[in-house]
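Commentary on secondary and tertiary structure
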Amino acid sequence: YIYQVALASDTKALWDYGWCTTTQKVLEQNFAQMKVEFVMNGKTVPETLVAVTQNQRQDGGYCRWLTTLIESWPPGQHQLEMRVTFLQPTDDGWNLYPAGTHIFKYFVNVQD
């Protein structure tokens, strides 16, 4: 998954990943067999800088959100990657996802 983004250097951005399931129990089971990494310009964002929130959707689904804040952007191009690894086949209650890693790449071009 590849995305191109253009931003001004003073733009603050919330970068997040969300995962939803049919029940709270399934959500806990899924995250026990998932690994989610935020990588910016080749460096992993420390877990201490990632906020974890949860909510229940109107349709009854349960979601967990992992979010980090990027407050400043030096001019130039930056590469952000969200790496989501399923350590084993994972069923969210709706669909079955095979084991493996999904990589979401964001190429961010920053101008003054």
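Preceding this paragraph is the structure being described.
Residues numbered from 1 in each chain as written. Predicted model: local features only at pLDDT ≥ 70, side-chain atom pairs only at ≥ 80, totals over all residues. Heavy atoms only, no water.

**Structural notes on unusual backbone geometry**
- One non-glycine residue, N41, adopts positive backbone phi at about 50°.
- In this structure, N41 sits in the loop between β3 (34-40) and β4 (43-44). (Helix = DSSP H or I, 4+ residues; strand = E, 2+ residues; numbered from the N terminus.)

**Focus on the sheet that holds β4**
- Read across the open sheet, the five strands follow the order β1-β10-β7-β3-β4; overall the sheet is mixed. Two strands bound the open sheet, and with one partner strand each, they are β1 (2-8) and β4.
- Sheet analysis places β3 next to strand β7 (residues 76-86), joined by seven bridges and oriented antiparallel. Bridged to E37 within β7 is R83. (Pairing = 2+ DSSP bridges.)

**Focus on the pattern of salt bridges**
- Scanning the entire structure with this criterion turns up five salt bridges.
- For E28, the salt bridge is made with R64, and the minimal N-O distance between the two is 2.7 Å. Within this pair, whereas E28 is found in helix α1 (residues 24-32), its partner R64 is found in strand β6 (residues 62-70), the two being separated by 36 residues in sequence.
- Across the pair E81 and K105 runs a salt bridge, and its minimum N-O distance is 4.0 Å. Here the residue E81 occupies a position in strand β7, and K105 occupies one in strand β10 (residues 100-111), the gap between them amounting to 24 residues. (Salt bridge = Lys/Arg side-chain N within 4 Å of Asp/Glu carboxyl O.)

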